[in-house]
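Descriptive analysis of the structure
Here's the letter readout for the chains.
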Amino acid sequence: MIRLVDVVQHYGVRPVLRGIDLAVPAGQLVAVVGPNGMGKSTLLRVIAGILTPQRGLVEIDGLTRRSSEASELAIRRRVCYLPDHPWLPKRATGREFLAAVGRLYELDSERLLDHIERLLILFDLVEQGDWVISSYSNGQQKKIAIASALVTEAPVLLLDEPFAGGLDPSGILALKRVLQRLASRDDKTVMLTTPVPELMEEIAERILVIGEGQIQLDDTPQGLRERTGTGQLATALEQLVYPQTMDHIEQYLNGQS
Amino acid sequence: MSATFNSLRRSLHAWLQPVLPPTWIIVLYAIAMLVWEAAAHGLTRAFDQGVDWREFNELVHRPRDMYLAIGLVLYGFYRVRAKHPWYMPEYAAWLALTSWRVGMRLPLGPVKIVPQDALVLLLAWLWTLDSSIFTPGHVVTLFTAPFVIAHLPPLGAAGATGRVYVVFMGLALAAWLTPTSLSGVPALVACYAVVMTGLSQSLRSAVAGNNCAATQFAVLLGQKEDRARARPLKLGYPYPQLAPEPPAALRDASGTSQVDGISMRDAALLSATLALWAFVIASFAPTPPDREITSLWMTIVLLMVAIAGRVAVYVVPFQPPISFLGRIVNGHWLIPGYDRVLLPAIYAGLPLTLFLLVPRGESGGVVWAAPVAIFVGWFITLGMRPTLRNWALTGNHRISTGASRADFIEI
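Note that the coordinates shown come from a computational prediction; the quantities given were computed from them, not determined experimentally. (Residues numbered from 1 in each chain as written. Chains lettered and ligands numbered in written order. Predicted model: local features only at pLDDT ≥ 70, side-chain atom pairs only at ≥ 80, totals over all residues.)

A count of helices and strands for chain B gives 20 helices and 3 strands. Looking at chain B residue by residue over its 411 residues, the buried ones come to 36%. Restricting the contact set of chain B to residue pairs at least 6 apart, pairs at least 24 apart contribute 74%. (Helix = DSSP H or I, 4+ residues; strand = E, 2+ residues; numbered from the N terminus. Buried ≥ 20, exposed ≤ 12 C-beta atoms within 10 Å, placed from the backbone. Contact = placed C-beta atoms within 7 Å.)

Here it is in structure tokens:
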């Protein structure tokens, strides 16, 4: 269970998040969407503990972030955050990297090694598992980064733009199915951001639309479709999130400014 | 006769072998020494007439004394560096597989001072008999001090930090006393005794633990065969910054920022050691004004280093939640949850300010005030809460990605 109460966050002058109240129950897959620079990544960073909000609080399973050493450590055992641009160790092999991350989360060795093998198969990295990460393509680096988040087996996964960064169709398919399964059957809570609404169509149970630092819409995909009377989630989100975009396209194509 | 001599030579060699460096090093050292002596002798003969012998003797023997001093220092370090398993991870790993136990003789040679060392020191002393500056105290000090110092890294790695600080203070005392007389030797003997009380602990830790510090040190020394095994795998961002507390064995390897804070006892001992050494170094200055100037500058530099270090360690990985401009524009002049981390640095500036107000002159007040200011300033910066661990976990900060991305790929 993730709970945010009146969270305000700003890096400098302009507030990025303004009074966010949110509750995400365990086992839910939530997609955060919205235009660039509206606070999607910041929201995840606040929940992940990278940032401390200037006001409000963040709770994970009833424990408040940064309230005490014990509660912070307990939260860290439950949460895994993968930023949109993680840093991977250049000289480690994929297997070494996954094993090191797994050991950091104090996972049983045999279970960890088995999980690593399954992840490498899932993302078509069996052969590359013994190569150093610096020799990977962009897509393979993205895959190993995603695998590192999955290998932790954390009950709460916070994934910033997991579908971006050169992931191939098989990688996208694998990730969609795995996340769906983790939320629906393994009771894991997944929050992810993406600028691509189509990807959410099949997997998200709930969609948050962030705009101007606030949650502007919080609904199921079905609810969003009904709001706009369209059959496609992508079309619904185009109307709800990017209402000016079609006008801008028309203006550009007609040579207007 | 020849057979008896050979037998005696072999016995002596076998007896000395566990402590002496490899033969080629001894031969090289001896050749260099002989070349120097021959050159000095030749010069003496060439300028037989009209030379001030006393002055020439000084010229010849001072570099020769220096040569011997370097030899003694290197021998002191060598005796521990080449015999203690902490310095040789593969030796430690091999010992762990054998029936060797702490208390038994070490296969590569002892790490205690043994009668063979006394013979080496006796020979060195005989060599210096005609020196006007070398005393037996110098001979003992030049060997024992590096011998004791070389024991400190394994001792510290074994967790006996208290002993390490006590020895450093003892060495300061020895340094303070030695220039005038033999009186520094008892202080050195006491340091040696303290090191020996922790020897079992350091050997056990090095062999049983085959600990990471040893392997890391091996990397520093450039031992390529240990490099691959010793290099800790740093995980980049964000795992070390956000991961749950790793098991102790993994703490170094993970590069985690959750460093346990230094204990109050260690903070006090380290501060006292620095203060004592500053006092001793200042006492080496030849005149009272020189001592005053040395004390003044050492205090300023040491306290500035303490303040800058405290700020860097706490602020670089854990940055303010909002920018400086943001503070001004939004009226958040103070952010108590974050700014509390700067208090120790501010408090440490207090002893520095008070020290600068101490009147200079004949009273020698500055010389005595300097160690007090250094102790107080360092104790505040090292010991004052929050600990780094507490700050990392509960501070109102923004976690940064880390300063260097040389070993990482940002995707």
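What follows is about the sheet that holds strand S5 (residues 63–64) of chain A. Residues and elements named next belong to chain A. Pairing is antiparallel in the open sheet, where 4 strands are placed in the order S2-S1-S4-S5. Each edge of the sheet is formed by a strand with only one pairing partner; in this case those strands are strand S2 (15–24) and S5. Sheet topology note: the strand S1 (residues 2–10)/S2 ladder contains 6 bridges and is antiparallel. By the bridge assignment, valine 7 is partnered in S2 with isoleucine 20. Packing of helix H1 (residues 40–48) onto the sheet brings it into contact with S1, S2 and strand S4 (55–60), and relative to S2 it is tilted by some 60°. (Pairing = 2+ DSSP bridges. Axes fitted to C-alpha atoms, helices over the stretch in contact; angles between N-to-C directions.)

All names here are of chain A. An order of S6-S8-S9-S3-S10-S11 is seen for the 6 strands of this open sheet, with the pairing classed as mixed. With partners counted over all chains shown, the strands left at the sheet margins are strand S6 (79–82) and strand S11 (214–219), one partner each. In this sheet, adjacent strand axes meet at a mean angle of 15° when their direction is disregarded. Here strand S10 (residues 206–211) pairs with S11 via 5 bridges, running antiparallel. In the strand pairing of S11, isoleucine 207 is matched with aspartate 219.

Right, let's get into the environment of tryptophan 125 of chain B. Residues and elements named next belong to chain B. Checked against the element boundaries, tryptophan 125 lands in helix H5 (residues 115–127). Between the alpha carbons of tryptophan 125 and leucine 182 there is a distance of 14 Å; along the sequence they are 57 residues apart. Dropping the residues within four chain positions of it, tryptophan 125 is found in contact with Pro136 and Val139.

Turning our eyes to something else, we now look at the interface of chain A and chain B. On the chain B side, the residues contacting the 41 residues of chain A number 35 residues. Its residues assigned to classes, the side of chain A that touches chain B comprises 19 nonpolar, 11 polar and 11 charged. Note: strand S7 (residues 87–89) of chain A against strand S3 (residues 408–410) of chain B, 3 bridges, orientation antiparallel. By the bridge assignment, tryptophan 87 of chain A is partnered in S3 of chain B with glutamate 410 of chain B. (Nonpolar A, V, L, I, M, F, W, Y, C, P; charged D, E, K, R; others polar.)

Our focus in this paragraph is the domain arrangement of chain B. All names here are of chain B. Structurally, chain B comprises domain 1 (20–42 + 55–214) and domain 2 (262–399). A separation of 34 Å is found between the C-alpha centroids of domain 1 and domain 2. Counting from both sides, the interface comprises 8 residues of domain 1 and, opposite them, 10 residues of domain 2. (Domains from an automatic or database assignment.)

Our next topic: helix H10 (residues 245–253) of chain A. Of all 9 residues in H10 of chain A, 0 are buried, a share of ten percent or less. The first or second residue beyond H10 of chain A is glycine 255 of chain A, which carries a positive phi of 75°.

What follows deals with unusual backbone geometry. A cis geometry characterises the amide bond from tyrosine 237 of chain B onward to proline 238 of chain B, with omega recorded as 10°. With respect to the helices and strands, the residue proline 238 of chain B is situated in the loop between helix H11 (224–230) and helix H12 (239–242). Each neighbour pair has its own omega, and for arginine 385 of chain B with proline 386 of chain B the value is 5°, a cis peptide bond. Position of proline 386 of chain B relative to the elements: it lies in the loop between helix H19 (365–383) and helix H20 (388–394). Phi is positive for arginine 66 of chain A, close to 60°, though the residue is something other than glycine. You can see arginine 66 of chain A is positioned in the loop between S5 and helix H2 (69–78). C-beta crowding within 10 Å serves as the criterion here: with 20 such atoms nearby, arginine 66 of chain A is assigned to the buried category. Even without glycine at this site, glutamate 161 of chain A takes up a positive phi of about 50°. Looking at the element boundaries, glutamate 161 of chain A is found in the loop between strand S8 (156–160) and helix H6 (169–184).

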